[in-house]
Amino acid sequence: MSNSWHAVWQWAIVPFTFDFMWEALWVGCFGALCCAVVSCFVVSKGWSLVGDAVSHAVLPGIILAWLAAVPLLVGAMVSGILCVLLAGWVNRRSRIKADTALGICFTGFLALGLILMSTVSSNVHFSHVLLGHLLGITQEARLQLLSAGGLALLIVACRFSDLKLFCFDAVQARVAGLNTTVLNMLLLMCLALTTIATLQAVGLVQAIAMLVTPGAIGTLMSRRFVTGMMIGIAASMLAVWSGLLIAFHANLSPGSCIVLVQFALFLLTLIGSPYRGYLARRWRGRRRISSEEGSPLPVRSV
Amino acid sequence: MRTPSLRGLALTANNGSIAVDIQHLSVGYSNGVIALDDVSAQLPSGAICAVLGANGGGKSTLCKALMGIQRPHRGSVRLFGGAVNRMLKRNTIAYVPQSDDIDWDFPVSVQDVVMMGRQGQMNWLRIPSRDDKRRVAQSLERVGMQAVARRQIGELSGGQKKRVFIARALAQHARLMLLDEPFTGVDMTTENDLLDILREERNAGTTIMVVTHNLSSVPDYSDQVMMLNRRVIACGPTAHTFTATHLGNTFGGVVNELLKVTGAVAGEGNVAMSRSQLPEYPQ
Ligand SMILES: Nc1ncnc2c1ncn2[C@@H]1O[C@H](COP(=O)(O)OP(=O)(O)O)[C@@H](O)[C@H]1O
Ligand SMILES: [Mg+2]
């Protein structure tokens, strides 16, 4: 017994006694925290594609900001938001639907970013931007992600209630006298900022996984917004921890391991969630038939 | 129930003034549909106005224009004498949406939804004050939904959902209430309860616009009627406006046929319809 505990200890905890693993763990968890928080708003507003667009469209901004020696988060916010505004403009001025406009615009921005990247490729720096670089974090990168993530968390903390109302019912937000244009911008800013915050962990290509999956897990697990958010954060951090371990022991890319573990967690909740999971629904369905029509609640069709 | 406030005093002072002033309003969508074409209408404050029209007649679009969500191509809307955007900041409109515009899976409780009516009037961090909580509890009680206050909103029946959104509008305590089809898919008890609440609100000085398909109860509660079919067919006091001719022009042959069956004289112009003569408009 004590032997197997020892083995678990060796496998799951001891690797983090290495400095680079410990650093990777807390940087990854911080990115996961920021993303999971913003994720709940993004998923409930149905903005997954917008999140995808922003997280990819930050690339040219990051590179130009680096060239101009401006903080990366400024460049990221400007180019991410510019992409979404451009898509919105195309959508309003033509018969092109919103998702098509977004797809066209963000791939355009991404391609521009990739070209910029190859022209300044002498700086190793940028290759990590795409896929993450959790096991070799520089002092500068740490500062970038802390300030970006911190700013995103601050925005959400100050405007939590308004953002939630904006996601649930933008018309009511407007009617209640809130400035929906500003709220729209704040949410887009949060998307760009959290992309920066998770850049080291999973990279730009997979950032959308961190921005969507925790929110989806939270939605499946709870019927309260804040509880769902807590569960999303926990799931996301669990994914960072176990993803890192798998990467460490099997010598794989940590970013992809994290995303894959998160995907597995999502599948688990999809099947096993006590509230909206597949098994729970099957079970409830059988019970309802046996108890005839006793419940005053309408049967949920979703 | 309602504490006498400055608002009430101001309203009695300018009773009979214009609450909603719509001038030559044209609204279109990006796909080229012109939903409203040169609509002009004026509604007095402190009255209930029923907005009638066939599906696609532009009733919801009118609501959106009043809230400044859909920009007009031409024309203007003024609420209580002010521009829409300015008046929105002053808690002028409370809105009860059409049910299909709401995400019923969203993880919020009934109580949270009603609290959203208070949001614009809370402090900067949106922490509900004792007054906010009291108003929310009061509104829930008025619509009889305090027992389900902690349920997730998707777990209610159709009628209960309507009641909750009316409670949200009540909690907001605005000068103008816009209700988009509040009686659709709702049983008679609920409809009567909601109508009682609307009358109380009107008597307390609120201006109310109700989009509805239930023609039969319109003469019972409305002071004004507005009939829309892309253009204004008729608009004015119920007694003069709610006539067979205007209904026929608004709804086309359907109502004409039904009127004949029920024995009303469809062609005769200025006779206002009473409740017994009117068939339910088919959904
Ligand atoms: N978002 C939209 N985009 C394009 N056309 C719309 C939109 N909403 C409504 N319409 C069109 O505008 C017209 C009026 O619609 P609406 O105001 O919803 O009518 P009503 O509420 O009276 O049924 C309809 O022809 C409808 O197809
Ligand atoms: Mg409508």
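Only a predicted model underlies this, so the values are computations on that prediction, with no experimental measurement involved.

Caption draft 1: Summary view of the overall build of chain A. Per the secondary structure count, chain A includes 13 helices and 0 strands. Tracing chain A from N to C terminus, the helices and strands come up as α-α-α-α-α-α-α-α-α-α-α-α-α. The C-alpha radius of gyration computed for chain A amounts to 21 Å, which stays within 12% of the reference 19 Å derived for 302 residues, consistent with globular compactness. Referenced to the eigenvectors of the C-alpha coordinate spread, the extents of chain A come out at roughly 70 × 65 × 30 Å. Long-range contacts, defined here as pairs at least 24 residues apart, represent 74% of the contacts in chain A between residues at least 6 apart. Of the roughly 14100 Å² that chain A leaves accessible, carbon and sulfur atoms contribute 70%.

Caption draft 2: Geometry of the domain arrangement of chain B. Residue and element names in this part refer to chain B. Parsing chain B into structural domains produces domain 1 (1-92 + 174-196 + 206-242), domain 2 (108-173) and domain 3 (243-278). For the pair domain 1 and domain 3, the summed buried area comes to about 1200 Å², and 64% of that belongs to carbon and sulfur atoms. Area buried by domain 1 at its contact with domain 3 is led by Leu215, Ser216 and Phe242, which between them contribute 37% of it. If you look at where domain 1 meets domain 3, you find 0 salt bridges. Summed over the shared surface of domain 1 and domain 3, the number is 2 residue pairs in polar contact (both at pLDDT 80 or more). Counting only elements with at least two residues in the side of domain 1 that touches domain 3, the list comes to α8 (218-221), β9 (224-229), β10 (231-237) and α9 (238-241).

Caption draft 3: Just the pattern of salt bridges, in detail. With the rule as written, the count across this model stands at 15 salt bridges over all chains. The closest approach of N and O atoms between B:Glu155 and A:Arg223, which form a salt bridge, is 2.3 Å. Pair noted here: B:Glu155 is in the loop between α5 (130-142) and α6 (158-172) and A:Arg223 is in the loop between α10 (199-221) and α11 (225-250), and the two residues belong to different chains. In this structure A:Arg223 comes out as partly exposed when scored by relative accessible area, which is 34%. Between B:Arg231 and B:Asp37 there is a salt bridge, and its shortest N-O distance comes to 3.2 Å. Here the residue B:Arg231 occupies a position in strand β10, and B:Asp37 occupies one in strand β2 (residues 34-44), the gap between them amounting to 194 residues. Salt bridges here are not isolated pairs; linked through shared partners, they connect A:Arg159, A:Asp162 and B:Arg126.

So, how was this worked out
- Residues numbered from 1 in each chain as written.
- Chains lettered and ligands numbered in written order.
- Predicted model: local features only at pLDDT ≥ 70, side-chain atom pairs only at ≥ 80, totals over all residues.
- Heavy atoms only, no water.
- Helix = DSSP H or I, 4+ residues; strand = E, 2+ residues; numbered from the N terminus.
- Rg over C-alpha atoms; globule rule 2.2 N^0.38 Å.
- Contact = heavy atoms within 4.5 Å.
- Areas by Shrake-Rupley, 256 points an atom, 1.4 Å probe, with all protein chains shown as cover.
- Domains from an automatic or database assignment.
- Buried area = accessible area lost by both parts, 1.4 Å probe.
- Salt bridge = Lys/Arg side-chain N within 4 Å of Asp/Glu carboxyl O.
- Polar contact = N/O pair within 3.5 Å; in protein donor to acceptor, adjacent residues only side chain to side chain.
- Buried < 20%, exposed > 50% of the residue type's maximum accessible area, 1.4 Å probe, protein only.

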